[in-house]
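The residues making up each chain are set out below.
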Amino acid sequence: MIIDKGLSETEPILTPENFVEYFPGEITTRLKSYHSALICFDPECYKHLKNKNKGKIAERFTGEVILLENNVLLGGLMGIGSPASVAFMEELIACGVKRF
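Residues numbered from 1 in each chain as written. Predicted model: local features only at pLDDT ≥ 70, side-chain atom pairs only at ≥ 80, totals over all residues. Heavy atoms only, no water.

1. A closer look at the nonpolar core
Within the largest apolar cluster, 16 residues are counted, with the highest numbers of intra-cluster contacts made by L31, F61, V65, L67, L73, F88 and L92. Only β1 (36-39), β3 (64-67) and α4 (82-94) provide two or more residues apiece to this core. The residues touching F88, leaving out its near neighbours within four places in the chain, are I39, F61, T62, G63, E64, V65, G75, G76 and M78. By size, the runner-up hydrophobic cluster in this structure holds 5 residues, among which are C40, I66, L68 and L74. (Core = buried A, V, L, I, M, F, W, Y, C linked by side-chain atoms within 4.5 Å. Buried < 20%, exposed > 50% of the residue type's maximum accessible area, 1.4 Å probe, protein only. Helix = DSSP H or I, 4+ residues; strand = E, 2+ residues; numbered from the N terminus. Contact = heavy atoms within 4.5 Å.)

Next comes the structure, spelled out in structure tokens:
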């Protein structure tokens, strides 16, 4: 049995914007001024950059996000593979990040 819910084949059922709507308000508000992100895929390199820069951690993301100076985010520990990376970056895009 096929149930037609009136959605076209090109309409997404869930978007990254829908997902970040559930984040506490302060996180998305705080990220509005952050338009660039440095994504580190190597865990050891990420830990080194995290310890060296001492930024503030923004929680609730698929990966870990550190708020650095000059309105740049450091992202890492998002999991392994392209799907995990894309999900993480889509969350950041939904929060206003434009450059990776």
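Back to the write-up after that little detour.
2. Quick notes on the confidence of the model for the protein
With 84% of its residues at a pLDDT of at least 70, the protein reaches an overall mean of 83. Summarising per-element confidence for the protein, the mean pLDDT is lowest in helix α2 (residues 25-31) (68) and highest in β1 (94). (pLDDT = per-residue confidence, 0-100.)

3. Focus: the sheet that holds strand β4 (residues 72-76)
Strand order in the open sheet formed by 4 strands is β1-β4-β3-β2, and the pairing between neighbours is mixed. Here the strands that pair on one side only, and so sit at the sheet edges, are β1 and β2 (56-58). Looking at each pair of strands side by side, their axes are set apart by 30 degrees on average, direction ignored. Sheet topology note: the β3/β4 ladder contains 4 bridges and is antiparallel. Within β4, the position partnered with I66 by the bridge is L74. (Pairing = 2+ DSSP bridges. Axes fitted to C-alpha atoms, helices over the stretch in contact; angles between N-to-C directions.)

4. Some details on helix α3 (residues 43-53)
Taking the backbone nitrogen of E44 as reference, a side-chain oxygen 3.1 Å away marks D42 as the first, capping residue of α3. Following α3 by one or two positions, K54 adopts a phi angle in the positive range, close to 50 degrees. (Polar contact = N/O pair within 3.5 Å; in protein donor to acceptor, adjacent residues only side chain to side chain.)

5. Side note on α4
Compared with the 18 Å implied by 1.5 Å per residue over 13 residues, the 18 Å span of α4 between its first and last C-alpha is a close match. Taken residue by residue, α4 has A84, S85, F88, E91, L92 and A94 as its buried positions. Looking at the packing, one finds that the buried side of α4 touches α1 (16-20), β1, β3 and β4. Backbone geometry just after α4 places G96 at a positive phi near 115 degrees. (Expected span 1.5 Å × (residues − 1).)

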